[in-house]
Amino acid sequence: MIVWVNGAFGSGKSTLVDELRPRWPEALVYDPETVGYVLREIVEVPTGDFQDLRLWRRQVADLAVGLVEEYRRPVLVPMTLVNPGYVGEIFGALKDAGIDVHHFFLKVSREVLEKRIDGRSFTPDSPEQDEKVRRWCKDRIAPCMTAADTLPSDTVFLDGELPPQELADQVLARVRAGRTSEV
């Protein structure tokens, strides 16, 4: 089983997964950004967004499938994924492999997202790079917010402005309910 936690940058995906970890100790955490970082070291990313690399999408799905099949444990995936074609490609590969995907999207207002992004330090040793990353994240807020309407019909939308503990309760309740109905 894969629990994909989606949302704009600053929506609280990693914070929610960090809240889920101690409550679900058998779950593995897989951040597909690491695949992007590796690819960036090997090949050029013409658009600047590694999600545009077909190899990234294929590797993200393949590694997720491998983690589930090899370790027989649930996998928590905190990753912004809103391009409808890319969502279809990755989630389709997961479903084709017979893996249950629980997809959650954290909805957060633009104002809160901007405040959270402004409060983060991405590259503390390089203020110029830090500001560049902040701008990149903020530039993706609108596409992330509008993409919510294009996500798969089984996506569960959560109020990302709730405390992480409440969000974790909601995710665990949905996942447990899904497990009993899938038996």
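Whatever comes next refers back to the structure up there.
Owing to the predicted nature of the structure, the values given are computational and were not obtained by experimental measurement.

Asker: Explain unusual backbone geometry residue by residue, including any values.
Answerer: Positive phi, close to 50 degrees, is recorded for R72, a residue that is not glycine. Examined against the element boundaries, R72 turns out to sit in the loop between α3 (54-71) and β3 (75-78).

Asker: Which residues make up the sheet that holds strand β5 (residues 156-159), and what values go with them?
Answerer: Taking strand neighbours across the sheet as the criterion, the five strands line up as β2-β3-β1-β4-β5 in an open arrangement whose pairing is parallel. One side of each edge strand has no neighbouring strand; the edge strands of this open sheet are β2 (28-29) and β5. Pairing analysis gives six bridges linking strand β1 (residues 2-7) to strand β4 (residues 101-107), with the strands arranged parallel. By the bridge assignment for β4, V5 is matched with F104.

Asker: Residue-level account of the packing of aromatic side chains, with values.
Answerer: Enumeration over the complete set of coordinates arrives at five aromatic pairs. Between W4 and F91, the aromatic rings sit 5.2 Å apart at their centres with planes inclined by 65 degrees, giving edge-to-face as the arrangement. Of this pair, W4 sits in strand β1 while F91 sits in helix α4 (residues 84-96); the two residues are 87 residues apart in sequence, bridging distant segments of the chain. Assigned by exposure class, W4 and F91 land together as buried. With a centroid separation of 5.6 Å and an interplanar angle of 45 degrees, the aromatic rings of F50 and W56 are classed as tilted. By way of ring pairs, the aromatic residues Y37, F50 and W56 are connected into one cluster. One cation-aromatic arrangement involves R57 over Y86; the distance from NZ or CZ to the ring centre is 4.0 Å.

Asker: Can you explain the pattern of salt bridges? Please cite residues and give values.
Answerer: Scanning the entire structure with this criterion turns up nine salt bridges. With a closest N to O distance of 2.9 Å, E89 and R57 form a salt bridge. Here R57 lies in helix α3 and E89 lies in helix α4, a separation of 32 residues in the sequence. Among the ionic pairs, D118 bridges to K138, the shortest N-O distance being 2.6 Å. Placement of D118 in helix α5 (residues 110-118) and of K138 in helix α6 (residues 127-139) is noted, with a sequence separation of 20 residues between them. Here the residues in one salt-bridge network are E19, R23 and D169, joined through shared partners.

Asker: Go over the nonpolar core, please, and point to the residues and values.
Answerer: Grouped together as the largest cluster of nonpolar side chains are 40 residues, with contacts concentrated most on I2, W4, W56, I90 and L94. Elements supplying a minimum of two residues to this core: β1, α2 (33-42), α3, β3, α4, β4, α5 and α7 (141-147). Residues within four places of W4 in sequence aside, it is in contact with P32, V60, V77, M79, L81, I90, F91, L94, H102, H103 and F104. In terms of nonpolar packing, the next biggest core, distinct from the first, is built from 18 residues, V156, L158, L167 and L172 among them.

Asker: Hey, could you go over the packing of α3 against α4 for me, with residue numbers and the actual values?
Answerer: One way to put it is that α3 packs onto α4 with a least axis distance of 9 Å and a crossing angle of 30 degrees. Relative to α4, α3 is oriented roughly parallel. Like other packed secondary-structure pairs, α3 and α4 cross with a definite hand, here right-handed. Residues R54, W56, R57, V60, A61, A64 and V65 of α3 form the contact with α4, whose participating residues are Y86, E89, I90, A93 and L94. Among the residues forming the contact of α3 with α4, the class breakdown is nine nonpolar, no polar and three charged.

Calculation rules
- Residues numbered from 1 in each chain as written.
- Predicted model: local features only at pLDDT ≥ 70, side-chain atom pairs only at ≥ 80, totals over all residues.
- Heavy atoms only, no water.
- Helix = DSSP H or I, 4+ residues; strand = E, 2+ residues; numbered from the N terminus.
- Pairing = 2+ DSSP bridges.
- Phe/Tyr/Trp six-rings, centres within 6.5 Å; stacked < 30°, edge-to-face > 60°.
- Buried < 20%, exposed > 50% of the residue type's maximum accessible area, 1.4 Å probe, protein only.
- Lys NZ or Arg CZ within 6 Å of the ring centre and 35° of its normal.
- Salt bridge = Lys/Arg side-chain N within 4 Å of Asp/Glu carboxyl O.
- Core = buried A, V, L, I, M, F, W, Y, C linked by side-chain atoms within 4.5 Å.
- Contact = heavy atoms within 4.5 Å.
- Axes fitted to C-alpha atoms, helices over the stretch in contact; angles between N-to-C directions.
- Parallel < 35°, antiparallel > 145°, perpendicular 65-115°, else oblique.
- Left-handed = near helix turned anticlockwise from the far one by under 90°.
- Nonpolar A, V, L, I, M, F, W, Y, C, P; charged D, E, K, R; others polar.

Purely geometric stuff here, so don't read any function into it on its own.
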